[in-house]
Every structure is written in structure tokens, then in C-alpha cells.
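Each chain, written out:
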Amino acid sequence: MDYSKFLNEKVQGIKPSGIRKFFDIANEMDHVISLSIGEPDFTTPWHVRQEGIESLRRGHTWYSPNRGFMELRSQISNYFARRFNVEYNPETEIVVTVGGSEALDLCLRTLIDTGDEVLIPQPSFVCYEPMTVMAGGKPVIIETKAENEFRLTAEEVEKHITPKTKLLILPFPNNPTGAVMRRTHLEEIAKVVEKHNILVLSDEIYAELTYGKERHVSFADIKGMKERTIVVNGFSKSYAMTGWRLGYALGPEEIISQMLKLHQYAIMSAPTTAQYAAIEALKHGDSDIERMRSEYDIRRRLIVDELCRMGLTCFEPEGAFYVFPSIQISGMTSEEFCEKLIFAQHVAIVPGTAFGECGEGFARVSYSYSLKHIKEALERIERFVNEQK
Amino acid sequence: MDKLLELINQNSEFTTAQLAAMLGESEESITNKIKNYKEKGVIKGYKALIDWDKVPDSGVKAIIELKVTPKPETGFDDIAKIVMSYDNVENVYLAASSRYDLVATVKGETIQEIAEFVSKRLSTLDAVIGTATNFVLTQYKEGGVVFYDEDDEDEQRSLIL
């Protein structure tokens, strides 16, 4: 039977994620060392898991309110004020979602009308483009550059703005490059946003994982930007809670209340058990964040130093848990490099092109792995690089 | 605690360059620190972690609890020194327990050999009031390294995007 006439055209037009391909190859092989996964290797801190278990023991197994439990929203509000200096009203300006991804999707579907243009910096997380397309919008790609340490510049944003531009997605700290935006860079962007009267969807899911001297600055903390920004964050990366599926969106009441309608009809409410655990994480989890962050930092330093030494140069990434080395020394395309690497040395990394065409010449290497694992993988990568010479 | 010690305790195979990179210090500074730790006796040496369960005929291991009468002057130290003087004794600890005072781990070719060692060499010591021998059946974890479950660490993580 021919299903194509039944299937939605936009859905059929979406390409499957390019990260998958190498994972599928890796799955077929023995003794593969992977540096390709984009989630923490830590398990959720025990005291957080315990609160989830406790809530189940007490039989708290019902739906939560659509927006999420009030106590959780209050804790999110406290947390965001404490760590990032921006105040949100827990009654009206916060919605708890199924991971940060749902919040991104809600936001795009709430804001975008057919034909609206959405500015998407790349390389970046793979979901922004398809989500924009499904919302009826037109993705306009802005390529960030290695010579700018993969930061987005105000000029590049302005160059891509047309009368149809409605929204800029700001994916920093960045997956896959590890790039971060400092306050001065954000202030430059803010001027353009203000001048052209557009909104910003700031995906700050890696906000807690920054390694330079300066902590993450939320775009909502830039003067005049809170009213123009929807911040997306969540528990997955900061508290190693990926499987709990819990995130949230923060923003102006007028936007959040519209997003809430979609959330209400499509999802109803975020997982109840996860919300109890998340309250504990926000109350007593600051030291867990620090413990994991300093562990990532050690791995990051090792991996950057070793890759540069072998000629796979990378700028020093200051956020998330990825390095984005240049593989141009090999003379291969990103795909070729990653494919040969996995067949020759059984090491899986992700070609930069999975995150946008401008990722050509680069690869994403994740360091959410133990030092022992990273050390072994680096030795294999070095053998591979030397064999290619 | 010094992060350097934590790292080499985890894995002594890191090169000086790698340690320097990880800690954001110069190689010279790492070399000096390690030299210093060795001189002060903080770092006693480096050895391999071997999963003896995988080595044929590698013998058996037991954890021996010793109830001891302490000496007026030297407490438990004298008797601990005697116990640790045997080559087949791998570790000796003084424990805060109501059941026993010293704990030793002992290696031997056979169960009989260890039983004999305990009854002839340890039980007969004047200060020793009683012993309990616990034979090790499976070594799950040693020196912070998991031996039992060697599945790839990320096997349970799935790549979803």
C-alpha cells in the first residue's frame, strides 16, 4: 500500500538525525568505544532518586496540575533568581514540560505562523530545524564560525533579518561546539533584537555546565530582554536526570499562557514522580552540580589537550560536554573521517555535518564518559590519525 | 584532598602531560609534586590491579578477623607488626568493632593452606584471643575498579538523536 499520500508532507520531508547512523554502525560491532552520546554518564544523585521513590511509596501517582506542581514552580523560580539573577512569577511565567525539547516545540508552535522566518545558528542541536518546519515556519540558518569560537555575532544576525523574521533561537552553551556567549556578546545581540522587534528562544539547557571563569549569563538577564525571551531549561544535563524527562519554559505571561494550552491538550502534565524528584534537586542539589561540573572540567582539559597535540585542533570549549575538533588535517570529509575511524579503530564520534552543513570539517566528541574510557578512546584516535599520515 | 592524588589513585597510567592538562598546571609542577609525595612516603608505589578470578590456579583469598588483647604500652601495634610480617598477608587494618580488633586479608594456594596458616601462625600468637576466617568467593570490586560487571559503561545509555 502506498502510504505517501496519507502521510503529512512536512513530516515526510524531515531528514532523520545524522547522529543515529554512526550509532547504528557501532551497535553492529564489538568492542566499540563511543564518544558520541549526549547525556551525562553520571546517574541521578541518590537523594534525588530517593525523593522520587518516596513519592511512589506514598502513592503519589496522579496527574500534576497542567503547569506542574506549584512547589516545583516556586523552586524553579528561586533557583533561576539564585543562579541566574532573573525573577519569574511561579504562578504565571513558568510551565513545566516533558524535557526541554517539549518546551522548544511548544514555543515554536505558539509563536510561528506559516511563512514566519526563524533564525537558527548552526552547528547546533538537531531539533530546531524540523520543529520550525513542522510549526509552519521557515528556518533561516546562520553559520557560526570557528574563528569566532563558534559564537553568534550581532552582524551575522542582522544580515539574516528580513521583514518576515519573528524569532531568533539562541542555543548557548552550545551542543555540539561547546561555545558560550559572554555578557558583552549577548548585549550586542540584544541591540539587534530590539532594533528589529523580534523575539528570542534561548535554549539554556547546558547553563550549569560552563568551565571558564565566567558563569553562564541568561539572555533574559540582558537589559530589556526578559520581555522578549522564552528561556528553556531543564533537569537533564545539570542534575543528570535525562530519563526523568523534565524541563521547563520561562517567559512573559502572555506567551506562557498560550504555550500552556498546547501543553494541556497534547501532554496534559509532566511526569509526577519526576517532579517530586526535581523539587529535591533544586532544594539540595547545588553541590551535585558542582561535583559533576568539576569532573567534566578535568575530562574536558584532557581531551582538548590530547586532540590538539595529535593535530585535531580545537578551540577551548567553555560549555556543555562536547569538543568540536577540526579534522581538516586528515583531508577527509567529516563523514569519511568518522566512518573510517569507527571501522579502523572502533571509536564512534559524530560528524560535524550532523549539526548543520557548516559542521563540515569538524566532529563532535562527547566527554560525558569516564576518564578511563576517554583515555582509551584518545589512544585509538591517535593511532588512527598517525596511520593516515 | 589534592586532585592529583585522586587522579593517580584512579589510574596511575596517566602521563605527566595528561595530568598537567587535566589540572591546568605545568608538567614541571606535576613532576615536582609527585617527587615530593614519594619523598614524604605519601605515594608508596604503583602496582597493577589484577582480576585474579580470571587467572587459572591463582589461589584463594580470605578475610581474617582477629580478636586481640592489646599490650599496655604499644596497644595493637606490636601484634599488627607480627601479622603483617607474613608475605601471604596482603592488608592489615585496625578496626573499630566490638567483635574483633584486627582485620587481615590473606592469599593462599588452597583453602587448606589458609586454614592451616590461621590455625598455626595466627591463632597461636599470645595476644590473639580468637579468629574468624571468611573465604572470598567472588571479587566484585577492588581499589575502586569494578571487576564483576565488565559491560561497557554506556551500554545502558541509548543514543536517541
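Going along each chain's sequence as written, the residues are numbered from 1 onward. Each chain takes a letter, starting from A, and each ligand takes a number, starting from 1, following the order in which they are written. For this predicted model, a pLDDT threshold of at least 70 governs which residues receive local features, and a threshold of 80 or more governs which side-chain atom pairs are given and counted, while totals over whole chains, interfaces and linings are taken from all residues. Excluded from the side-chain calculations are hydrogens and water; all other atoms, namely the structure's heavy atoms, are used.

Comments concerning the overall build of chain B
Next, step 1: Helix numbering and strand numbering both begin at the N terminus, where a helix is a DSSP run of H or I of at least 4 residues and a strand a DSSP run of E of at least 2. Each helix and strand counted, chain B has five helices and six strands in total.
Next, step 2: Helices (α) and strands (β) of chain B occur, in sequence order from the N terminus, as α-α-α-β-α-β-β-α-β-β-β.
Next, step 3: Taken over C-alpha atoms, the radius of gyration comes to 21 Å for chain B, far larger than the 15 Å a tight globule of 161 residues would show.
Next, step 4: For chain B, the spread of C-alpha atoms along the principal axes amounts to about 60 × 40 × 30 Å. Computation of the radius of gyration draws on C-alpha atoms, with the globule rule given as 2.2 Å multiplied by the number of residues to the power 0.38.

Regarding the sheet that holds strand β11 (residues 350-351) of chain A
Next, step 1: Ordered by their spatial adjacency, three strands build an open sheet running β9-β12-β11 (chain A), and the pairing between neighbours is antiparallel. A strand with exactly one partner marks an edge of an open sheet, and here the two such strands are β9 (322-323) and β11 of chain A. Strands pair, by our definition, only if DSSP identifies at least two bridges between them.

Things to note about the pattern of salt bridges
Residue and element names in this part refer to chain A.
Next, step 1: The working definition used for a salt bridge is a side-chain nitrogen of Lys or Arg within 4 Å of a carboxyl oxygen of Asp or Glu. Under the criterion given, the structure shown has 36 salt bridges over all chains.
Next, step 2: Linking Arg83 and Asp286 is a salt bridge whose minimum nitrogen-to-oxygen distance equals 3.3 Å. Here Asp286 lies in helix α11 (residues 286-309) and Arg83 lies in helix α4 (residues 70-84), a separation of 203 residues in the sequence.
Next, step 3: Note on classification: 1.4 Å probe, protein chains only; a residue is buried when its accessible area is under 20% of the maximum for its type, exposed when over 50%, partly exposed between these limits. Note on Asp286: relative accessible area 26%, which makes it partly exposed.

A few points about the interface of chain A and chain B
Put simply, an interface is often sized by how much accessible area is lost when its parts join up.
Next, step 1: In this assembly, 25 residues from chain A lie in contact with 20 residues from chain B.
Next, step 2: Counting each side, the surface lost to burial between chain A and chain B is near 2000 Å², with a carbon and sulfur contribution of 60%.
Next, step 3: It is Ile298, Arg301 and Lys375 of chain A that lose the most area in chain A upon contact with chain B, and together they represent 26% of the buried surface on that side.
Next, step 4: Here chain A is connected to chain B by zero salt bridges.
Next, step 5: Identification of polar contacts relies on pairs of N or O atoms within 3.5 Å, with a donor-acceptor requirement for protein atoms, meaning one able to donate a hydrogen and the other able to accept it, and with residues adjacent in sequence counted only if both atoms are side-chain atoms. Counting the contacts that link chain A with chain B gives four residue pairs in polar contact (both at pLDDT 80 or more).
Next, step 6: Elements with a contribution of two residues or more to the side of chain A that touches chain B: α2 (19-28), α11 and α13 (371-388) of chain A.
Next, step 7: Among the elements that take part in the side of chain A that touches chain B, α11 of chain A stands out by supplying six residues, more than any other.
Next, step 8: Looking at the side of chain A that touches chain B, its residues break down into 11 nonpolar, six polar and eight charged. Any two residues whose heavy atoms approach within 4.5 Å at even a single point are treated as in contact. Take the accessible area each of two parts loses on contact, using a 1.4 Å probe, and add the two losses: that sum is the buried area. Put simply, Ala, Val, Leu, Ile, Met, Phe, Trp, Tyr, Cys and Pro go in the nonpolar bin, Asp, Glu, Lys and Arg in the charged bin, and everything else, Gly too, in the polar bin.

Focus: the domain arrangement of chain A
Residue and element names in this part refer to chain A.
Next, step 1: Each domain's extent was defined by an automatic or database domain assignment. Looking at the assigned domains, one finds that chain A contains domain 1 (9-44 + 287-388) and domain 2 (46-284).
Next, step 2: Contacts between the two partners involve 37 residues from domain 1, matched on the other side by 41 residues from domain 2.
Next, step 3: Note on domain 1 versus domain 2: buried area summed over both sides is about 3300 Å², and carbon and sulfur give 63% of it.
Next, step 4: Interface area lost by domain 1 to domain 2 is led by Thr44, Ile289 and Glu318, which between them contribute 25%.
Next, step 5: Linking domain 1 with domain 2 are one salt bridge, by the criterion used here.
Next, step 6: With its nearest N and O atoms 2.9 Å apart, the salt bridge here joins Glu318 to Arg182.
Next, step 7: In this structure, the connection of domain 1 to domain 2 is made through 17 residue pairs in polar contact (both at pLDDT 80 or more).
Next, step 8: Contributions of two or more residues to the side of domain 1 that touches domain 2 are made by α1 (9-13), α11 and β9.

Re α2 of chain A
Residue and element names in this part refer to chain A.
Next, step 1: Within α2, the full set of buried residues consists of Ile19, Phe22, Phe23, Ile25 and Ala26. Looking straight down α2, one finds that the buried residues subtend no more than 160° of arc, so they occupy a single side. Opposite its buried face, α2 presents the exposed residues Asn27 and Glu28, each directed more than 90 degrees away.
Next, step 2: Turning to α2, the residues buried within the fold contact α12 (334-345), β10 (347-348), β11 and β12 (363-366). Regarding the arc, it is the one traced by the directions from the helix axis to the C-beta atoms.

Re the nonpolar core
Next, step 1: Counting residues in each nonpolar core, the largest one holds 61 residues, and the members touching the most others are Leu35, Ile303, Leu307, Phe337 and Ile349 of chain A together with Leu19 of chain B.
Next, step 2: Those residues in contact with Ile349 of chain A that lie beyond four places of it in its chain are Phe22, Leu35, Ser36, Phe337, Cys338, Leu341, Ala363, Arg364 and Val365 of chain A.
Next, step 3: Buried residues of nine kinds, namely Ala, Val, Leu, Ile, Met, Phe, Trp, Tyr and Cys, make up a nonpolar core once their side-chain atoms join them within 4.5 Å. The next biggest cluster of nonpolar side chains, apart from the first, holds 31 residues, and it includes Ala103, Leu108, Val126 and Val350 of chain A.

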